[in-house]
2 protein chains.
Amino acid sequence: MNIGEIARRAGVARSTVSYALTGKRPVSEETRQRIQAVIEELNYRPNAAARALKEGRTRTIGLVIPPASQRLTDMQLGFVATVVDAAARADLDVLLSPSGGEHERSFERVVTGRRVDGVILMEIRLEDDRVTRLRQSGLPFVGIGRTSHPEDMTWVDVDYETLISQCVHHLADLGHRDIALVNRSAELVAAGYGPGHRAQAGFTRAVAQRDLHGVHACCADDAQAGLSCVERLLAEHPELTAIATINETAITGMYRALAQAGLAVPKDFSIAGVAARHLAENLDPPLTSADVPTIELGARAVELLIQRIADPGSPHRHLLAAPPISLRGTTGPARPRA
Amino acid sequence: MNIGEIARRAGVARSTVSYALTGKRPVSEETRQRIQAVIEELNYRPNAAARALKEGRTRTIGLVIPPASQRLTDMQLGFVATVVDAAARADLDVLLSPSGGEHERSFERVVTGRRVDGVILMEIRLEDDRVTRLRQSGLPFVGIGRTSHPEDMTWVDVDYETLISQCVHHLADLGHRDIALVNRSAELVAAGYGPGHRAQAGFTRAVAQRDLHGVHACCADDAQAGLSCVERLLAEHPELTAIATINETAITGMYRALAQAGLAVPKDFSIAGVAARHLAENLDPPLTSADVPTIELGARAVELLIQRIADPGSPHRHLLAAPPISLRGTTGPARPRA
DNA sequence: TTGTAAGCGTTATCAA
DNA sequence: TTGATAACGCTTACAA
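Residues numbered from 1 in each chain as written. Chains lettered and ligands numbered in written order. Predicted model: local features only at pLDDT ≥ 70, side-chain atom pairs only at ≥ 80, totals over all residues. Heavy atoms only, no water.

A.B. asks: Describe the protein's contact with DNA strand C, and please don't skip the residues or the numbers.
C.D. replies: Neighbouring DNA strand C are 28 residues; A:Arg25, A:Lys54, B:Ile3, B:Ser18 and B:Tyr19 lie closest to it. A distance of 2.8 Å separates a phosphate oxygen of DNA strand C from a polar atom in the backbone of A:Ala13. Within the side chain of B:Ser18, one N or O atom sits 2.6 Å away from a phosphate oxygen of DNA strand C. Mapped by element, the contributors of at least two residues to the surface near DNA strand C are helix H2 (14-22) and helix H4 (48-55) of chain A together with helix H2 (14-22) and helix H4 (48-55) of chain B. Residue composition of the surface near DNA strand C, by class: ten nonpolar, nine polar and nine charged. (Near = heavy atom within 4 Å. Polar contact = N/O pair within 3.5 Å; in protein donor to acceptor, adjacent residues only side chain to side chain. Helix = DSSP H or I, 4+ residues; strand = E, 2+ residues; numbered from the N terminus. Nonpolar A, V, L, I, M, F, W, Y, C, P; charged D, E, K, R; others polar.)

Set out below in structure tokens:
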């Protein structure tokens, strides 16, 4: 089924069908209706490849996600969902591309093969090859996250530095003097994962400002690791009374470690973090946390990308979200441990 | 950058470049290398739209997911991740399409617009329009899930009926006589959601076989709903000593309701379910459950789809997974409640 | 208001 | 072993 067949049956030229479809040229009401009837009868829809070839655009955006092997966090999942949703609202399709590891080819296809009009890139490192490659290619892109030179790219990001700093200040206000930061995995941080570094910077700064004693620990992204990480922290640093964290997936394990050590939250020990609201609310007790506005950030990323596609020369724009900390059930006055 | 430019610089015809690229015709080693050099120098990659137009296939598969608004469960997320992963391994791209609700157009574009070579459909209802439309369109598709007439389509699915039945038998073996099934949301079940109906069927069957007393309850897909659902169950049915469930997302709330009622798991109350392993293992206590093999099912779905694309006339194939129940920490001997 | 025809970048047929 | 050329299905200048 193609446009020629529709034209034949409606007794008009192919171009007339095209114009009736796109509205880029007036078509008399009568022929428009005749064409419409045929289109509906045959359930015709223009061939996307032909249209893309002719127009030079695909009406598709690429979403580059971390490889599936390492499970997506609640927050990452939130971004994927809202990006797909926002794109669909703008009649854009979304091509998913796992990057990293063995999926190099997938990324190359998407970027170089003109399969998409633009790209949204997740999980950006401070130094990131993919950003370099996208820049070279000239393909419009927007980061969810940013490199260490964030001026010359468009991005939305979570202000982990400020947020973790606020967590520490909040804990210090409650009298806590010995606080640990539970970061993401050591590999991720070593690989230059932005949120890990920025959280650490914010932690260090706040600890210095308040003249506290701070401990930094990396922790793999799963509950088991959270459990053993906190077990170790409690053993090695008996003076600790609070934790600040950006590691969503390890949190349930951290809760468990505290429970097993006989520490009640928030009576004996406090926790504050940065997490997806959905996750924070559903923990027991609910986590005091800065709730990352994934829906807004994802939607804004799509919006910024659409703008860049429309006008690739426009100046880069940035959105750094620092949502307020929502007080829930996990922070309370400091109480020295035995 | 196009194939003509490569041909010009390498001093050969466009077709020769094409053949050097696809290997569908022998090309002398010398010219092949000359072409290869130019390609690498310019980092050329064939235009996907032109290729799709000419070849009549897109090297892309569609993945139709439930709309983002209703959060994806751990299991659904697992499917998405493994499908993307398996597809990338076969050098296929994945086009994501949220279906249902307001995203009708996205589905239509993907199906009718020849944007993909085949489709993987998630969250299938017993009667499902999308299956009907895909059948009409002639586009190869594979379901993760199945309709009430599953013979004439290709699918992979979880055998909820058998699994819930096994859960009930396991609980009965431990002496439980009064068991509740916590199903997915009432809307989902009313809309003919397969797993909900099949779980109910398995539950009813096993309850009859063992001459037990069974209570069926629907529960929305979040922790809060799990909490209030179990609160209500405990109040209205003081005789209950165990729960079987397929509602992953409500489980933490169910745990909380039991704790608040002063019931220890598994000493006072047992729970068994069907869930993603990752989730089951990370609960506290870890959930006794049939672990849905998302990785295998997702990979098999892609495999089956690739086969159907290659040979659309081949007979339909099915894969019904009934993984064994993994005994973890949530089921124990029945102990009558006060 | 409508029709004609060129061309987007490939692949594949037919010649050489 | 290679080259010229006709499609694939669409959009859009240009003509009528």
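What follows picks up the thread again.
A.B. asks: I'd love a proper account of the nonpolar core, names of residues and values included.
C.D. replies: In terms of nonpolar packing, the biggest core is built from 94 residues, with A:Leu63, A:Ile120, B:Leu63 and B:Ile120 touching the most fellow members. Ignoring anything within four residues of it in the chain, the contact list for B:Leu63 reads B:Val80, B:Val83, B:Val94, B:Leu95, B:Leu96, B:Ser97, B:Ile120 and B:Met122. The next biggest cluster of nonpolar side chains, apart from the first, holds 30 residues, and it includes A:Leu134, B:Leu95, B:Ile124 and B:Phe141. (Core = buried A, V, L, I, M, F, W, Y, C linked by side-chain atoms within 4.5 Å. Buried < 20%, exposed > 50% of the residue type's maximum accessible area, 1.4 Å probe, protein only. Contact = heavy atoms within 4.5 Å.)

A.B. asks: For the pairing of strand E1 (residues 60-65) of chain A, give the residues involved together with the corresponding values.
C.D. replies: Remember that side chains alternate between the two faces of the sheet whenever the strand is regular. Most of E1(A) is tucked away, with six of its six residues classed as buried. Alternating residues of E1(A) divide into A:Thr60, A:Gly62 and A:Val64 and A:Ile61, A:Leu63 and A:Ile65, and every residue in both groups is buried.

A.B. asks: I'd like a description of the relation of the copies chain B and chain A, backed by residues and values.
C.D. replies: Expressed as a screw operation, the relation of chain B to chain A combines 0.1 Å of axial shift with a rotation of 180°, fitting to an RMSD of 0.1 Å. As the rotation angle and translation indicate, the two copies are arranged about a two-fold axis. The fraction of interface residues of chain B whose copies in chain A are also interface residues reaches 100%, indicating that both copies meet through the same surface. (Least-squares fit on C-alpha atoms with pLDDT ≥ 70 in both.)

A.B. asks: Explain the side chain of B:Arg308 to me, and be specific about the residues and the numbers.
C.D. replies: Residues and elements named next belong to chain B. For Arg308, the location among the structural elements is in helix H14 (residues 294-310). No salt bridge is formed by the buried Arg308. Its closest oppositely charged neighbour is Asp311, at 7.5 Å. Ignoring any residue separated from it by four or fewer positions in sequence, one finds Arg308 in contact with Pro140, Phe141, Thr154, Ser314, Pro315 and His316. (Lys, Arg positive; Asp, Glu negative; His and termini not counted. Salt bridge = Lys/Arg side-chain N within 4 Å of Asp/Glu carboxyl O.)

A.B. asks: Just give me the short version of the packing of aromatic side chains, but keep the residues and values in it.
C.D. replies: To describe a pair of aromatic rings, you give the distance between the ring centres and the angle between the ring planes. This structure, assessed with the given rule, holds zero aromatic pairs over all chains. A cation over an aromatic ring shows up here: A:Arg146 above the ring of A:Trp155, its NZ or CZ 5.0 Å from the ring centre. (Phe/Tyr/Trp six-rings, centres within 6.5 Å; stacked < 30°, edge-to-face > 60°. Lys NZ or Arg CZ within 6 Å of the ring centre and 35° of its normal.)

A.B. asks: Go over the pattern of salt bridges, please, and point to the residues and values.
C.D. replies: Two side chains carrying opposite charge are able to pair once their charged atoms lie near each other. All names here are of chain B. Enumeration over the complete set of coordinates arrives at 56 salt bridges over all chains. As a salt-bridge pair, Asp152 and Arg135 come within 3.6 Å of each other at their nearest N and O atoms. With Asp152 in the loop between strand E4 (141-144) and strand E5 (154-158) and Arg135 in helix H7 (residues 129-137), this pair connects stretches of sequence that are 17 residues apart. In this structure, Arg300 and Glu303 form a salt bridge, with 2.5 Å as the shortest nitrogen-oxygen distance.

A.B. asks: Requested: an account of the sheet that holds E5(B), with residues and values cited.
C.D. replies: What the twelve strands build is an open sheet, ordered E11(A)-E5(A)-E4(A)-E3(A)-E1(A)-E2(A)-E2(B)-E1(B)-E3(B)-E4(B)-E5(B)-E11(B); its pairing is mixed. Edge positions in the sheet fall to strand E11 (318-321) of chain A together with strand E11 (318-321) of chain B, since each of these pairs with one other strand and no more. Going across the sheet, the axis of each strand differs from the next one's by a mean of 20°, ignoring polarity. (Pairing = 2+ DSSP bridges. Axes fitted to C-alpha atoms, helices over the stretch in contact; angles between N-to-C directions.)

A.B. asks: Quick rundown of the interface of chain B and chain A? Include the residues and the values.
C.D. replies: If you look at the interface, chain B gives 51 residues, while chain A gives 52 residues. Around 4500 Å² of area is buried between chain B and chain A when both sides are counted, 50% of it from carbon and sulfur atoms. Applying the counting criterion to the chain B and chain A interface returns twelve salt bridges. Linking B:Asp91 and A:Arg109 is a salt bridge whose minimum nitrogen-to-oxygen distance equals 3.1 Å. Within the residue set of the side of chain B that touches chain A, elements represented by two or more residues are H4, helix H5 (74-89), strand E2 (93-98), helix H6 (104-112), helix H11 (223-236), helix H12 (251-260) and helix H13 (277-282) of chain B. (Buried area = accessible area lost by both parts, 1.4 Å probe.)

A.B. asks: So what about the sheet that holds strand E9 (residues 270-276) of chain A? Which residues, and what values?
C.D. replies: All names here are of chain A. Reading across the sheet, the six strands line up as E7-E6-E8-E9-E10-E12 and stay open at both edges, with mixed pairing between neighbours. Two strands close off the open sheet at either side, each with one partner strand: strand E7 (213-217) and strand E12 (325-326). Taken together, the five bridges between strand E6 (residues 178-182) and E7 define a ladder with parallel strand orientation. Its bridge partner being in E7, Leu181 is matched across the sheet by His216. Set on the sheet, helix H8 (residues 160-173) makes contact with E6, strand E8 (242-245), E9, strand E10 (288-292) and E12; between it and E9 the angle comes to about 155°.

A.B. asks: Help me get a handle on the side chain of A:Asn247, residues and values and all.
C.D. replies: Residue and element names in this part refer to chain A. By the secondary structure assignment, Asn247 is in the loop between E8 and helix H12 (251-260). Reaching out from Asn247, the side chain makes a polar contact with the backbone oxygen of Ala220 at a distance of 3.5 Å. Polar side-chain contacts of Asn247 include one of 3.1 Å to the backbone nitrogen of Ala250. Not counting the four nearest positions on each side in its chain, Asn247 is found in contact with Val182, Asn183, Arg184, Cys219, Ala220 and Asp221.

A.B. asks: If you had to explain the domain arrangement of chain A to someone new, which residues and values would you point to?
C.D. replies: The domain architecture assigned to chain A consists of domain 1 (3-46), domain 2 (60-158 + 294-320) and domain 3 (160-291). Taking only C-alpha atoms into account, the centre of domain 1 of chain A sits 62 Å from that of domain 3 of chain A. (Domains from an automatic or database assignment.)

A.B. asks: Talk me through unusual backbone geometry; I want residue IDs and the actual numbers.
C.D. replies: Geometrically, the link from A:Val265 to A:Pro266 is a cis peptide bond, its omega value of 5° lying close to zero. Within the fold, A:Pro266 resides in the loop between H12 and E9. Note the cis peptide between A:Asp284 and A:Pro285, where omega equals 0°. Of note, A:Pro285 is situated in the loop between helix H13 (277-282) and E10. Unusually for a residue other than glycine, A:Arg59 sits at a positive phi of about 55°. Here A:Arg59 is to be found in the loop between H4 and E1. At B:Arg114, a position not held by glycine, the phi torsion is positive, near 55°. Judged by relative accessible area, B:Arg114 falls into the partly exposed class, the value being 47%.

A.B. asks: I'd like a rundown of the protein's contact with DNA strand D, residues and numbers included.
C.D. replies: Residues in close proximity to DNA strand D total 28 residues, the closest being A:Ile3, A:Arg14, A:Tyr44, B:Thr16 and B:Arg25. Backbone atoms, meaning sugar plus phosphate, form 51% of the atoms of DNA strand D positioned within 4 Å of the protein. Measuring from a phosphate oxygen of DNA strand D, one finds a side-chain N or O atom of A:Ser18 at 2.9 Å. B:Arg25 is positioned such that a nitrogen or oxygen atom in its side chain is 2.6 Å from a base oxygen of DNA strand D. Of all the secondary-structure elements, those providing two or more residues to the surface near DNA strand D are H2 and H4 of chain A together with H2 and H4 of chain B. Across the surface near DNA strand D, the residue classes break down as ten nonpolar, nine polar and nine charged.

A.B. asks: Tell me about H4(A), and name the residues and values.
C.D. replies: Think of an α-helix as 3.6 residues a turn; residues three or four steps apart then line up on the same face. All of the buried residues along H4(A) are A:Ala48, A:Ala49 and A:Ala52. The arc that holds the buried residues of H4(A), viewed along the axis, is 95°, so those residues lie on one side. Each element contacted by the buried residues of H4(A) is listed here: H4 of chain B. Its side-chain oxygen at 2.7 Å from the backbone nitrogen of A:Ala49, A:Asn47 defines the N-terminal cap of H4(A). Two residues or fewer past H4(A), A:Gly56 is found with a positive phi of approximately 80°. (Arc of directions from axis to C-beta.)

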